[in-house]
Amino acid sequence: MTVQDTTRTDTGAIRYEPQDGVLLEVEDLYVEFHTADGVATAINGVSFELRQGESLAILGESGSGKSVTAQAIMGILDMPPAVIPQGHIRYCGHDLLTMDEEQRRKTRGPEVSMIFQDALSSLNPVFPVGWQIAEMFRIHRGMNKSDALDQAIRLMERVQIPAARERVKAYPHQFSGGMRQRIMIAMAIALDPAVLIADEPTTALDVTVQAQIMSLLEELQEERQMGLILITHDLGVVADVADRIAVMYAGRLVEKAEVHELYRSPAHPYTRGLLESIPRLDQKGQTLAAIGGLPPNLMRIPPGCPFNPRCRMAQDVCRRDLPALREVAPGRLSACHFAEEVIDA
Amino acid sequence: MGTYILRRLLQMIPVILGATFLIFAMVFALPGDPLAGKCGERPCSAAYRAAFTEKYNLNDPLLVQYGKYVGKLATGDFGETYNQIKVSDQLKQRYPVTAKLALMAILFETLIGIVAGVLTGVRRGGFLDNLVLVSTLVVISIPVFVIGGLAQYFLGVKWGLFPVTVTSGEATVYQLLLPAMVLGSLSVAYVARLTRTNLVENLRSDYVRTAISKGLTKRRAIGLHALRNSLIPVVTFIGFDFGALLGGAIVTESIFNIPGIGGYIFRSIRSRDGASVVGAVTVLVIVYLVVNLIVDLLYGLLDPRISHD
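Residues numbered from 1 in each chain as written. Chains lettered and ligands numbered in written order. Predicted model: local features only at pLDDT ≥ 70, side-chain atom pairs only at ≥ 80, totals over all residues. Heavy atoms only, no water.

**Considering the domain arrangement of chain B**
Residue and element names in this part refer to chain B. Considered domain by domain, chain B is made up of domain 1 (2-83) and domain 2 (88-302). Summarising the inter-unit geometry, the C-alpha centres of domain 1 and domain 2 are found 34 Å apart. Every contact between the two is made by 20 residues of domain 1 and, on the other side, 21 residues of domain 2. With both chains or domains summed, domain 1 and domain 2 bury close to 1,700 Å², and 80% of this area falls on carbon and sulfur atoms. Looking only at domain 1, the three residues that lose the most surface to domain 2 are Arg-8, Met-12 and Phe-78, adding up to 29% of its buried area. Taken together, the links from domain 1 to domain 2 amount to 1 salt bridge. (Domains from an automatic or database assignment. Contact = heavy atoms within 4.5 Å. Buried area = accessible area lost by both parts, 1.4 Å probe. Salt bridge = Lys/Arg side-chain N within 4 Å of Asp/Glu carboxyl O.)

**Some details on the interface of chain B and chain A**
Often, the extent of an interface is quoted as the loss of accessible area on bringing the components together. Opposite the 19 residues of chain B that make contact, chain A presents 24 residues. When the two sides are added together, the surface that chain B and chain A hide from each other amounts to roughly 2,100 Å², 61% of it contributed by carbon and sulfur. Taken together, the connections running from chain B to chain A amount to 2 salt bridges. The closest approach of N and O atoms between Lys-214 of chain B and Glu-135 of chain A, which form a salt bridge, is 2.7 Å. Residue assignment for the side of chain B that touches chain A shows that the elements contributing at least two residues are helix 8 (206-213) and helix 9 (218-245) of chain B. The residue makeup of the side of chain B that touches chain A, split by class, is 7 nonpolar, 6 polar and 6 charged. (Helix = DSSP H or I, 4+ residues; strand = E, 2+ residues; numbered from the N terminus. Nonpolar A, V, L, I, M, F, W, Y, C, P; charged D, E, K, R; others polar.)

**With respect to unusual backbone geometry**
All names here are of chain A. If you check the backbone angles, Asp-28 has positive phi at about 50 degrees while not being a glycine. Note that Asp-28 resides in strand 1 (residues 22-35). Of the residues examined, Asp-28 reaches a relative accessible area of 31% and is grouped as partly exposed. Unlike most non-glycine residues, Asp-192 shows phi in positive territory, near 55 degrees. (Buried < 20%, exposed > 50% of the residue type's maximum accessible area, 1.4 Å probe, protein only.)

**Points about empty space enclosed by the protein**
A complete count under the given rule lists 6 cavities of 30 Å³ or more for this structure. Of the volumes computed, that of the largest cavity is approximately 70 Å³. Every residue lining the largest cavity is counted, 14 residues in all, and those nearest its centre are Pro-269, Cys-305, Cys-311, Cys-318 and Cys-336 of chain A. For the lining of the largest cavity, a count of residues per class yields 11 nonpolar, 3 polar and no charged. The computed volume of the second largest cavity comes to approximately 60 Å³. Counting residues per element, the ones that place at least two in the lining of the second largest cavity are strand 7 (112-115) and helix 8 (177-189) of chain A together with helix 8 of chain B. Counting residues per element, the lining of the second largest cavity draws most heavily on helix 8 of chain A, at 3 residues. Of the residues belonging to the lining of the second largest cavity, the class tally is 5 nonpolar, 3 polar and 1 charged. (1 Å grid on protein atoms, 1.4 Å probe; cavity = no way out; pocket = protein on both sides within 12 Å on 5 of 7 lines; lining within 4 Å. Points joined across faces, edges and corners; volume = space filled by probe spheres on them.)

Here you go:
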């Protein structure tokens, strides 16, 4: 019924089929980092799902756990120091965390794929870009060198790299930042993955290039009906692309909503703080509202709501009880004791 | 690329001239009379003295002597010693031995060093890692004449695993096994540590993370993506080390009685044999420069970010 069903014909391999349209299901995930100084809890019981053709943005400051979530899904955390004490990550019903390593390796690329923030350091400096893209076809499809290279050229053309045929033998440092990120994208979509994770794909780029890369991602996602997880701290970037937004704070999901709802009326003081901190042209001359303080040290997360030391609305209950992520309006989840008041404000 | 090589070759000319002039001037400045003792117990006759002085240009000032020497050098004539032995014959006989020894030492250090570096880099903190760490430290801190003597005594004399010394003039590969290992042992330690450090660093790099997320096997991500980058500085080190080893190894040569270039220069200096010293050093300078050029070119091939345009 979709693109990815036609590509899995090799015998013996597992056929991954989305279940009721659900591609990825993260359930009650915990990730800890065991270091010499103690245990840092980077992910603290996160659950969400991703459906076919859906774009989910995961939003948060640095250290909120959004990148760690992506790396846990991809299986590229350094373990140790990282430990996943509990939780499930199911891809088409198969738990990636209990799958054997060889099987899981085969999902990276053809099923789940990832784009990183800094394309210059993420591409291998000593191999030509075409070779690096072609490697996907050679390893996963057993293609020979020249066929794989043809496929690489085709992909480079698809992500609009000018003179792709001539530049296929060029090295990463010979491209501009935007072109390098296009090459990363070409590599990530090479095998038609069902899920694409983009970890801050535009953070390292100029503003004008950012828009081009985002629209390319949006276009590819629509064309191939991929599930897209967009990890970012930039609210401006997500508005056009994402369907739903999950906001993370100190390793927890604090709000989840459809994108326009969230922009119109945030249901968590942290989200509201983020929205107020976007510079706006119609408020020229006014002081930019910033969220005071810093995110908590993950080794010493304060009791109660982790956001309470920075929250303007914090009451005694916030310092005492951890608010659960609950439905505060149809289709809207928030982990705030006073979510209803926030949403109406 | 072509113009780069040409430019580098042209740059060699002043370096060769400068280096040979310095050596020539130093030999010129050495005190002593080449004719002393030449004619036995009594002083040489005036006629012989005049002919000798004329033949070796001994009355010319330094610059003129040097000019005449370089002029002959340009035609491939290395001159002869005061005993009428052609320097080029000596070099032809001894240089192949040194080159063979250097090549064997390099092969040894490359093979053992890189394998040890990769094994320890992949399994950091394991038994093998600590073993290599300690043993390389030991090798680095012990001088070569101690290692050479110990190796000769235990591996050669006591257990009879290797020939103890070189006995023939041309030094066979078999006879050079032990000296090559002794000569390469110090660099094995450096190569192993350099490989390990670079591999550990590259294993943490973003592009290895990308390689894993592309669904490559661990073996390929480490053995191809990380190692290829880790070996760039290692190859550079090995290249320069090769250049240094081609300059002869006086200590190792004398321990194992190897008729190489190092001992030749040493003996020539002691016997005030100026022509031999200058000739041998000239060859070494040229070899060193050429090896350096090759290493630089290789570096450009290994790391596409370096360009020689």
